[in-house]
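The primary structure of each chain is shown beneath.
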Amino acid sequence: MKRLTKSLIVITLLIFSFVLNSCYKDRFSLDELADSQYNPELAAPLIRTTLTMSDITEQSSEEWKEYPDGLLSLIYRQTASTDLALELIDIPNQTADTSFKVYLPPTMIPGDSTSKLFNFDASVTSQNGERLDTVFFKEGFVDFEITTNLNHNAKIQVIIPELTIYGVTFLQTIDIPSAGGATHTVNFSFPIKLYTAIFDHPTANENIIKEYIRIFVNHGVAANNSPYDLTITQRLRDVSVYYASGYFGQQNFEIAKEIIGISLFDNQTVEEIFMEDPRLKLKFYNSFGFPIGVTMEEFYVEKDGASLNVTSTNLPTFDIAAAAHPNRYDTTVLIFDKNNSNIIDLFNFQPKKVGFREKLISNPSGANIQNFVLDTSRVYVEAEVELPLYGRAVNFTLSDTTKFSLDEVEGVISAELRFNILNSFPAEANIQIYLADSNGLVLDSLLTGQEEVLTAASVGPPPDYRTSTPTNKTTVVVLNQGRLASLWKTEKIIYTATFSTADQGLKVVKIYSDYYLDIKMAAKLNYQTEI
């Protein structure tokens, strides 16, 4: 029953899914026949109900869109994303050595102190040679390994003016105790979590930050053995960043492949289907602070292992704009329709899924412009298929099997079921129903051949293609004693329904939310009477 509806929708071109939805089964229950008291000849109404397209969309598990004029569309969506930018700006572990000669004034005596300031340029290299202007560190450490042969107690002060936390300059002091003139090493490690570094660029590929090393020496009782050796080994390690700006060049990455399932064509066959205005939309969201070139590596529809590629004037490559500010997205929308693509051929192919995968490159033009990236930056794409209920279909066929049971009503020798359907949909339908046992073996059929149960309402002129006058169709099913005997044994119902839009699928139609079926069903039971 559930799929009988679905077929009716599709036939009218867009999934008129659930006309006989499970939520409506109670309206069609035959249990009333078994629970009632009957006269020798009894005629009684069993069903009277009206089912609108709005009812169908409200109860459907599908996503629907209704336009102001009531035209309905079926919507299918999927979202795919790049990985977060945690590794896009990769600052690897790196080491730099700097050596100095330390001279103490010859006039110093025990108890005197002196200091000397040295400066040098520390270079920071990124994995792919990016130009780094500013880096806000999430994690990381700067290790200092200080080796010297000083025979006096000393302190070393490390000052990095362009490495700050909350506006305060990085300034650390390291004690260097005397080892009596023997060469010795002191190690210290400082976290740089939440520090911000600002770099200079003497040349295009250098990221330089200035450091100042001030050494304080307290003259002890030992002799002045100047000059002394002082070597500072710095290690930058375990770095991750919250934010970086600069120019990051052309890096390749991708959006993982995703599939949109198109349930409209599941478990059904259509001789011909012609959708007049299907659409496919790709909406890209970019929170990277650089433009991105997109190449559609895969973009296709598929049915039962066969596929068709999407072709369009939008393809194969296009650019998406950079985010204007951190924590913001810039959006780029591409719409594939009948004017710029082969979208009609794709969906007349009756696909069951749409597949897409994108390859991305940063700064596609190669222009050296200001970039930025956050650890949360990414690109994601929302793919949306919209199938307006607008078109025509020929011989949409649905076959299905459902469980069935009905207790025998004693004394009934024949029955007549009368269906009267007032139809405002521009669709016509024929159906055959088979009675089968638990193994699916057909015991009998309810109808002689495929019976027409719906006649299409007449379709108005374009562009609205609205129906005006609903059509009425009465179908009578006679159950003689033989068919009733089969009915009592029935454990499965097998039905085959064939639908077409108006005029055997020759007319273009549209489906609106106010279309309806008015269904009436009555039964007449004949009992055997005692003489």
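Residues numbered from 1 in each chain as written. Predicted model: local features only at pLDDT ≥ 70, side-chain atom pairs only at ≥ 80, totals over all residues. Heavy atoms only, no water.

Chemist: I'd like to hear about the overall build of the protein chain, residue by residue, with values.
Modeler: Broken down by element type, the protein chain carries six helices and 31 strands. Across the 531 residues of the protein chain, 49% fall into the buried class. A separation of at least 24 residues holds for 84% of the contacts in the protein chain among residues at least 6 apart in sequence. As displayed, the protein chain has an accessible area near 24,900 Å², and 48% of this comes from carbon and sulfur atoms. (Helix = DSSP H or I, 4+ residues; strand = E, 2+ residues; numbered from the N terminus. Buried < 20%, exposed > 50% of the residue type's maximum accessible area, 1.4 Å probe, protein only. Contact = heavy atoms within 4.5 Å. Areas by Shrake-Rupley, 256 points an atom, 1.4 Å probe, with all protein chains shown as cover.)

Chemist: Now, about the sheet that holds strand β19 (residues 330–336): what can you tell me, with residues and values included?
Modeler: Pairing is antiparallel in the open sheet, where five strands are placed in the order β2-β3-β22-β15-β19. Only two strands of the sheet have a single partner each, and these edge strands are β2 (63–66) and β19. Ignoring strand direction, the axes of neighbouring strands in this sheet form an average angle of 25 degrees. Pairing between β2 and strand β3 (residues 72–81): four bridges, direction antiparallel. Its bridge partner being in β3, Glu-66 is matched across the sheet by Leu-72. (Pairing = 2+ DSSP bridges. Axes fitted to C-alpha atoms, helices over the stretch in contact; angles between N-to-C directions.)

Chemist: Kindly report on the environment of Val-221, identifying the contributing residues and their values.
Modeler: Looking at the secondary structure, you find Val-221 in the loop between β11 (208–218) and β12 (228–247). For Val-221 and Gly-111, which are 110 residues apart along the polypeptide, the C-alpha to C-alpha distance reads 8.4 Å.

Chemist: Lay out the pairing of β3 in plain terms, naming residues and giving numbers.
Modeler: Consecutive residues of a regular strand have side chains that alternate between opposite faces of the sheet. Hairpin connection between β2 and β3: a loop of five residues separates the two successive antiparallel strands, and Gly-70 in this loop has a positive phi of roughly 95 degrees. With nine bridges connecting them, β3 and strand β22 (residues 379–388) associate as antiparallel partners. Bridge assignment links Arg-77 to a residue of β22, and that residue is Glu-384.

Chemist: Describe the side chain of Glu-62, naming the residues involved and giving the relevant values.
Modeler: Looking at the element boundaries, Glu-62 is found in the loop between α3 (53–59) and β2. There is a polar contact of 2.5 Å between the side chain of Glu-62 and the side chain of Ser-263. (Polar contact = N/O pair within 3.5 Å; in protein donor to acceptor, adjacent residues only side chain to side chain.)

Chemist: Hey, could you go over the pattern of salt bridges for me, with residue numbers and the actual values?
Modeler: Side-chain pairing between opposite charges can occur once the charged atoms of the two side chains come close. Going through the model one piece at a time under the given rule, you end up with 23 salt bridges. Here Arg-237 ties to Asp-238 by a salt bridge, and the two come within 2.8 Å at their closest N and O atoms. Put simply, Arg-466 and Asp-514 hold a salt bridge, and the shortest N to O gap is 3.2 Å. Separated by 48 residues along the polypeptide, Arg-466 in the loop between β27 (451–454) and β28 (471–479) and Asp-514 in the loop between β30 (509–510) and β31 (516–527) bring together distant segments of the chain. Overall, Arg-466 belongs to the partly exposed group, its relative accessible area being 29%. Judged by its relative accessible area of 46%, Asp-514 falls in the partly exposed class. Residues joined in a network through salt bridges with shared partners are Lys-65, Asp-277, Arg-279 and Glu-386. (Salt bridge = Lys/Arg side-chain N within 4 Å of Asp/Glu carboxyl O.)

Chemist: Residue-level account of the pairing of strand β16 (residues 292–303), with values.
Modeler: Here β16 runs beside strand β18 (residues 317–320); their pairing, made up of four bridges, is antiparallel. Its bridge partner being in β18, Thr-295 is matched across the sheet by Thr-317. Note: β16 against strand β17 (residues 306–309), four bridges, orientation antiparallel. Across the sheet, Lys-303 pairs through a bridge with Ala-306, a residue of β17. Hairpin remark: β16 followed by β17, antiparallel, with two residues in the connecting loop; positive phi at Asp-304, about 50 degrees.

Chemist: Residue-level account of the packing of aromatic side chains, with values.
Modeler: Evaluated as defined, the whole model comprises 19 aromatic pairs. Ring geometry for Phe-136 versus Tyr-242: centroids 5.3 Å apart, planes at 35 degrees, classification tilted. Taken together, the positions of Phe-136 in strand β6 (residues 131–148) and Tyr-242 in strand β12 put the pair 106 residues apart, joining distant regions of the chain. Judged by relative accessible area, which is 27%, Phe-136 ranks as partly exposed. Classification of Tyr-242 as partly exposed rests on a relative accessible area of 27%. One aromatic cluster in this structure is built from Phe-144, Phe-170, Phe-188, Phe-190 and Tyr-195. Above the plane of the ring of Tyr-390 lies Lys-510, whose end atom (NZ or CZ) is 4.5 Å from the centre. (Phe/Tyr/Trp six-rings, centres within 6.5 Å; stacked < 30°, edge-to-face > 60°. Lys NZ or Arg CZ within 6 Å of the ring centre and 35° of its normal.)

These figures come from the coordinates and say nothing about function on their own.
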